[in-house]
Amino acid sequence: MHRMSGHRAQRDLPLNHIMSDLIQIVTTALASATERSGPHLVCRPGCTQCCHGVFAISQQDAARLRDGLALLTASDPARAERIRTRVAASLTRLDPCFPGDVTTGILAADHEDSPTGNSESGWDDYANDEPCPVLDPATGTCDLYSARPILCRTFGPPMRTPEQNLAHCELCYTTATPDEIAACELDPNLPALEAASNQAFNAAHRLHGETLIAYALRNSKM
């Protein structure tokens, strides 16, 4: 590993704080929502419904995943290699209709409104059954859990949509009243905080756009 120059280390320090601060804020918010939800939040290891179907992630999420895979490579190379094998298999299925630049893995800015690749179907129908390459099919758990994207961390409890509706995992809150669901809402400031964090990260690294987990891990080396 090359030693960081003083300039590089100084530049990266605030970014590390940005990334860790966001994770700490999200973790605290999730803990609060989980406590308020009680038995209504049924998310457990082995429940993998939310681990199927692709979704856009930020460049900051992508960097966190690559860092997580690098750490796993050092501690458990066989497990890390299984992730890379699943990534390669996933890309074979995703590439033909990828709604963006296959070379960079960056989604088109209008990917949610446009047909996917050569398909006439749109984003809502793209790869809905595709398993996340980080999901271990044998255990039903995430192999990069500590490095998982923000959406993975916040999915489950009630959270505001852009239309200001409360959305939550369909497997949870099945017996809760609307008032009980509202009382379990995640911190509504999270989307704005995440957006600001991603903007700062992208500006510092001259990055843009969003990607998918498989593309984020495509170029991760042993």
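For clarity, every value in this text was computed on a predicted model and none was experimentally measured.

## Some words on helix α3 (residues 77-94)
Item 1. Compared with the 26 Å implied by 1.5 Å per residue over 18 residues, the 25 Å span of α3 between its first and last C-alpha is a close match.
Item 2. Regarding α3, the residues found buried are A80, I83, R84, R86, V87, S90, L91 and L94. Looking straight down α3, one finds that the buried residues subtend no more than 165° of arc, so they occupy a single side.
Item 3. Tucked inside the fold, the buried residues of α3 contact α2 (59-75), β4 (135-136) and α7 (213-216).

## Comments concerning the nonpolar core
One broad rule of soluble globular proteins: the nonpolar side chains tend to lie buried together.
Item 1. Among the nonpolar cores identified, the biggest contains 24 residues, and I57, I83, L144, L212, I213 and L217 are the most heavily contacted of them.
Item 2. Contributing elements (two or more residues each) for this core: α2, α3 and α7.
Item 3. In terms of residue count, the dominant contributor to this core is α3 (5 residues).
Item 4. Discounting residues that sit within four places of it in the chain, I213 has contacts with F55, I57, L65, C132, P133, V134 and P149.
Item 5. Core analysis: the next-biggest nonpolar cluster, separate from the first, contains 8 residues, L22, I23, A29 and I150 among them.

## Points about the packing of aromatic side chains
Item 1. Summed over all chains, the structure comprises 1 aromatic pair.
Item 2. When the ring of F98 is compared with that of Y215, the centres are 4.3 Å apart and the planes differ by 35°; the resulting orientation is tilted. In this pair, F98 is assigned in the loop between α3 and β2 (100-101) and Y215 in helix α7, connecting sequence segments 117 residues apart.
Item 3. Residue Y215 is classed as buried on the basis of its relative accessible area, which comes to 4%.
Item 4. A cation over an aromatic ring shows up here: R148 above the ring of Y145, its NZ or CZ 3.7 Å from the ring centre.

## Digging into the packing of α2 against α3
Two packed helices can be described by the angle between their axes and the distance between those axes.
Item 1. Interhelical geometry of α2 versus α3 gives an angle of 135° and a closest axis separation of 6 Å. On the basis of the axis angle, α2 is oblique to α3. Counting all contacts with α2, which are made through L69, L72, T73, A74 and S75, the residues of α3 involved are P77, R79, A80, I83 and R84.

## With respect to the environment of G105
Item 1. When you line up the elements, G105 lands in the loop between β2 and β3 (106-107).
Item 2. Between the C-alpha atom of G105 and that of I213, which follows or precedes it by 108 residues, the distance is 9.6 Å.
Item 3. Residues contacting G105, with those up to four places away along its chain left out, are F98, E210, T211, L212, Y215 and R218.

## Focus on the side chain of S197
Item 1. Tracing the backbone through its elements, the reader meets S197 in helix α6 (residues 190-205).
Item 2. A distance of 3.1 Å separates polar atoms of two side chains, one belonging to S197 and the other to Q60.

Criteria and thresholds
- Residues numbered from 1 in each chain as written.
- Predicted model: local features only at pLDDT ≥ 70, side-chain atom pairs only at ≥ 80, totals over all residues.
- Heavy atoms only, no water.
- Helix = DSSP H or I, 4+ residues; strand = E, 2+ residues; numbered from the N terminus.
- Expected span 1.5 Å × (residues − 1).
- Buried < 20%, exposed > 50% of the residue type's maximum accessible area, 1.4 Å probe, protein only.
- Arc of directions from axis to C-beta.
- Contact = heavy atoms within 4.5 Å.
- Core = buried A, V, L, I, M, F, W, Y, C linked by side-chain atoms within 4.5 Å.
- Phe/Tyr/Trp six-rings, centres within 6.5 Å; stacked < 30°, edge-to-face > 60°.
- Lys NZ or Arg CZ within 6 Å of the ring centre and 35° of its normal.
- Axes fitted to C-alpha atoms, helices over the stretch in contact; angles between N-to-C directions.
- Parallel < 35°, antiparallel > 145°, perpendicular 65-115°, else oblique.
- Polar contact = N/O pair within 3.5 Å; in protein donor to acceptor, adjacent residues only side chain to side chain.

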